[in-house]
Structure formats: C-alpha cells, structure tokens
Amino acid sequence: MAILHIDNLTKNYKSVKALDRVSFTVPAKTVFGILGPNGSGKTTLLGIVMDVIKASAGTYTWAGNEGSANDFRKKIGTLLETPNFYHYLTAEKNLQIAAKIKGRGEADIEKVLKIVNLYERKDSKFNTFSLGMKQRLAIASALLGDPDILVFDEPTNGLDPAGIAEIRELIKELYKGGKTIIMASHILDEVEKVCTHVAIIQKGILKTVGSVADLMNTSAVNADVNCLIELSAADNATLKNILQQLEGIASITEVDSDLHIACNDKITGETLNRFCFDKGITLNKLHVKRKTLETRFLEITGKQSDK
Amino acid sequence: MIKLLKIEWLKIKSYTGFILLSSFFALGVVTSNYIVFMFKKNVLDKVKASELLFSGSPFDFDMVWKTVSYYSSYFLMLPALLLVILMSNEFSYKTHRQNIIDGWSRFEFLKVKLALALVFALASTLVVIMTALVFGATSGSPFSVNGFENIGYFLLKAVTYNMIAILISLLTKKSGVAIALFFIYTIFENGVSLLLFFLAVKLKKDNHLDLGNLGNYLPMNASDGLLTSPFEQFSGMARNIIPADNNKLVLACALIYIVIFYFWSKRKMMRSDL
C-alpha cells in the first residue's frame, strides 16, 4: 500500500523552479529517504505535502485521501525544517498544545520526553534549550500519539554524535515497529544507514527513486560502477584530462582540492597510480573506497553543490 | 470553536505581554475616566460659565455610557497591539506552521485568531460596561440604559481595530514591521481624515454640499466617528459650519470594512506559503 503518492509536484518561486514535476510513491512500512544537496527542494516538497507551502502544479495523496486532509495530518508525526515551539512556554506545555491540536491525550507526553531524554527538563522554557535539545523536543512532539507515519526533515540537525546515533537507532526501532518514516536529509551516510528507500532530488528535479539496495546495484551510466576513488595531484586539471582517457570511469567530480571518480572495480589503486605515473603525473593523494550511496549519489548528481 | 479557543488560551495565558497589556488596558480605562471625573468635579464644576455648556455630570446615567465609551476607546490600541504581537510571534517563531503541520487547517488557524479578536473586543467592552456602572452609580443618578448604544459603538471600534491588527500581521508576518505599520497606519489615517474633514467643511461652505465628515468613511475613523466626546457641546457651537453626522452611513462603512478585513485575511491565509 502506498502511504504517499506525489504526482508531478511543481513549485516556482518567481523565476526559480524549486520543484519540477516530481512524482514518486512512498510504500508503507519503509524508511523513505529524500536525499539531495542543500537547496535541492527537499523541504519545499515536504512543506507542500504538509500544506504549509502551496504547490504551483501537481497533486499529492496521503494514503488515498485526496489533498490536504487535516484530520489525516493529525495522525502524522512531523518535524519540518526547524523545531517550532512557543519560546516562553515549557517543554511540557508546548507538547500539551501539540497533543491538543492533534486531538490526542496528554498521557504519552511523559513517555515521549523520556524517549528523547528531556524528561528532566520538562519544566524548562523552550528558549533555555540548546539547539540539540530543541531538535529532540521536536522529535518528541512528532512521536506524540504513537503515529504510524513520521516525517522528519533533517532529524539530526544540531545533535551531538551521541544524539545522532540515538536518533538513528530510534528511527530503526520505529521502522521495526511497522512505522513508515519519510526522512529528508543531505547527509548521505545518514540516509545509507537508516533508509530502505531513497529518492534523489537535485535542483528540484527527481533524479532517481527506488530501494537503496536496487540503487546500489544499478547504475545509469555503467552497471559495473561500484567504487569511489578520491585522488589529487599538483595539477588537477591535467589529471582530470588524463583520467578521461581511462576506461571504466563513470564520472569525475571536483570536490574541494580533490577529484572523485566513480568507476568499476577493475580500476584498482595500483592500476590508477601506474597509469598516472606513465602519463607523467605524480599523485599526492589516492584513496579507494567501496561503493557507497555517496558513489551513487555523485554519479547521479555529478556536481559539487547546487549553489 | 471552544476547543480551539482553549488551545489558544494555553498559548497566551502565561505570556507576559498578554498579562501586561491586558492590565494596562484595564488600568487605562479606569484611570482615564477617573481623571475626567475628577476634572469635572474639581475644575469645571467650580467655573460658573460651565453650567452653560453642561447640564448635569457626564458620569450621570444616561451620559455615562457615552463618556466612558469615548475615553476608554483611546486605549483600544492596547488589545490590538497585543493581537499584532501574538499573531506576528506565531509567524516569527513559525509556530503557525507547526499548528498546521500538527493538524489544524489554515482556516482553523485564522478562525481561532478571529475568535480571539472577538473575545478581546468583548472582554474590553465588559471592562467598559463595569467601569460605566461604577461611575454611574457613584454619580448618584438613577440607572438607565439610554445611550447604551455607545457601548455597541465601542465594541464595533474594538472589533475593527483587532481586525486591522490581524490583517496587518498576516500581511507583514514580522513583529517589528507589523507593530510599526499598525501605528504608522493609524497616524496616516488620522492625517488623511483631517484633510478630508477640511475638504468636507469647504464643500459645505462654498458649495452648500454637506456630504458629512468624509474622514469618518475611512476604516479606523468609521468606528471612531461613532463615538463622540461627551463635551461635544463645544463643537455644537460651530454646528453651522461643520458637516453633518451621517451616523447610519458611518456605521454601514464600519461594518463593510470588517467584512472586507475578514475576506482579505482569509484570502491571504488560504493562499500564501506559510
């Protein structure tokens, strides 16, 4: 069963096309990652399906309910962009407001505050919280009423490493408990670690969508692409030209002072080093990585960022 | 609606701005009327000539409804200012988005703010009624509801100010800008109103065309114009040169403006990105 069906969603901000005919379906009981660089349209997409942003064109359907069914939104736990709470109210009072709007009882406020380790601070005002605590309170609010669908936009924003690990574990537990989680992130590692499905968006255009397993095993450019190699030389421009002569390379991307190449596993560190040396280039960095979502992402998006 | 208002009450009951501005309003209403009361008693009543201008006290029934409504209405900026702050805080802290994400419809969010505007207006009116009853009782005159329509005009003015506050907050979405715009608009409208008043006087004098006080047809002044000073006998002396009071037309304008503010606010809330 599809939890969310998006059909040709488009959003224009004057001359900027934030979303361009994006269509996909989120299957039930999955962790569905929406992956894309900063400014790619992830938050805009989630804002539209939560009815805080108006689409220029296209439609969306939540579990078969046409349009923005408010009652259905009450059954979704959502953290969108930043934690939004009344700064002069305590954590507990803020959650009381959220619970009342959702039409849920206040019984599980204590439970959700304990899940995110904020129970001890329940009587502290929101404006005394650190960024990480605000983020955890927003996650607690999303968990109110034990919703079957959760929407998280950059859920680990502002969290320390331990907090990030906790939230990842929480998402995995929620998934195991049969929940559907839609999660937008620009952190490839995060998506790879917790998502079962992924949609990659770049400059408002849906580049690919599918299960993470399928995505890792399929390449639009070359089915054998399974390696990411980071390398650099004194003259990266010449290095890039030379590498283009080498067979088996799917893409070459400039990232800071390095070149990242997506290639098949026939290209080893040794063959690459020898090839460059024979062409008169001495490498000053060579780092071979196994195929990751990052390899695939760079292969699909190709560029450094969407600035 | 009661359910929505209960949630709104959770939001505002601990807000310092709400407590302060509400207290200032109540205090302002009581003290301003007390000052006028004491001025009349200790200053005007001791001047023999004043008997020519006033028969009885402005705090006697029936006049007390008019007097208290008129002086209290100067403090209606406070609940309106409170609404601007409450509304634009929602936009600044993006809590309006969260309310909608959590399950309110856009219209429910607006509806509860409009209901709050009405509740503020009713509460302000209740303060005025109680103040008028106390001053009326103190004056020793027999109770009367004649002139109670002035309380209605006060309520209308309160609703108008609050509706303008909501509309400005929706249009600007920023606390500072909304507050500044609210005051700038008030000053601007009063300036334009004065110019229109002079135009109306000129039309009456030069062309014998009495269109009423044109300034009273503007949004804020339409509801202001219905509340007149209890000492209007002063202006009565110049009645032959100032335009007539077209109260029915001014009342109609005030009601039409409220309807316009409602639909404008609704359109803005329903159509824009939040």
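Residues numbered from 1 in each chain as written. Chains lettered and ligands numbered in written order. Predicted model: local features only at pLDDT ≥ 70, side-chain atom pairs only at ≥ 80, totals over all residues. Heavy atoms only, no water.

Accessible area lost upon the coming together of the parts serves often as the stated size of an interface. Residues and elements named next belong to chain A. Domain boundaries in chain A define domain 1 (2–216) and domain 2 (219–301). If you average the C-alpha positions of domain 1 and of domain 2, the two centres end up 35 Å apart. The partner domain 2 presents nine residues to the twelve residues of domain 1 that form the contact. On the surface where domain 1 and domain 2 come into contact, there are zero salt bridges. Summed over the shared surface of domain 1 and domain 2, the number is zero residue pairs in polar contact (both at pLDDT 80 or more). (Domains from an automatic or database assignment. Contact = heavy atoms within 4.5 Å. Salt bridge = Lys/Arg side-chain N within 4 Å of Asp/Glu carboxyl O. Polar contact = N/O pair within 3.5 Å; in protein donor to acceptor, adjacent residues only side chain to side chain.)

Under the defined criterion, the tally for this structure stands at 21 aromatic pairs over all chains. Here the aromatic rings of Tyr70 of chain B and Tyr71 of chain B are separated by 5.1 Å at their centres, their planes lie at 85°, and the arrangement is edge-to-face. On the basis of relative accessible area, Tyr71 of chain B is assigned to the buried category, the value being 16%. Directly above the aromatic system of Tyr119 of chain A lies the positively charged group of Lys114 of chain A, at a separation of 4.8 Å from the ring centroid. (Phe/Tyr/Trp six-rings, centres within 6.5 Å; stacked < 30°, edge-to-face > 60°. Buried < 20%, exposed > 50% of the residue type's maximum accessible area, 1.4 Å probe, protein only. Lys NZ or Arg CZ within 6 Å of the ring centre and 35° of its normal.)

All names here are of chain A. The first and last C-alpha atoms of helix 6 (residues 161–176) sit 23 Å apart over 16 residues, in line with the 22 Å expected at 1.5 Å per residue. Of all the positions in helix 6, only Gly163, Ile167, Arg168, Leu170, Ile171 and Leu174 are classed as buried. Buried residues of helix 6, viewed axially, fall in a sector of 160°; they line one side. Among the exposed residues of helix 6, those pointing more than 90 degrees away from its buried face are Pro161, Glu173 and Lys176. Where the residues of helix 6 are buried, they touch strand 3 (31–35), helix 4 (109–115), helix 5 (131–143), strand 7 (149–153), strand 8 (180–185) and helix 7 (188–194). Positioned one or two residues after helix 6, Gly178 has a phi angle of 90°, which is positive. (Helix = DSSP H or I, 4+ residues; strand = E, 2+ residues; numbered from the N terminus. Expected span 1.5 Å × (residues − 1). Arc of directions from axis to C-beta.)

Turning our attention to the sheet that holds strand 6 (residues 76–79) of chain A. Residues and elements named next belong to chain A. Read across the sheet, six strands follow the order 6-7-8-3-9-10 without closing on themselves; strand pairing throughout is mixed. Each edge of the open sheet is held by one strand with a lone partner, namely strand 6 and strand 10 (205–211). When strand polarity is set aside, the average angle formed by the axes of neighbouring strands in this sheet is 10°. Looking at chain direction, strand 6 and strand 7 are connected through four bridges and run parallel. Along strand 7, the bridge assignment pairs Leu79 with Phe152. Of the strands in this sheet, strand 6 and strand 7 are in contact with helix 5, which crosses strand 6 at around 165°. (Pairing = 2+ DSSP bridges. Axes fitted to C-alpha atoms, helices over the stretch in contact; angles between N-to-C directions.)

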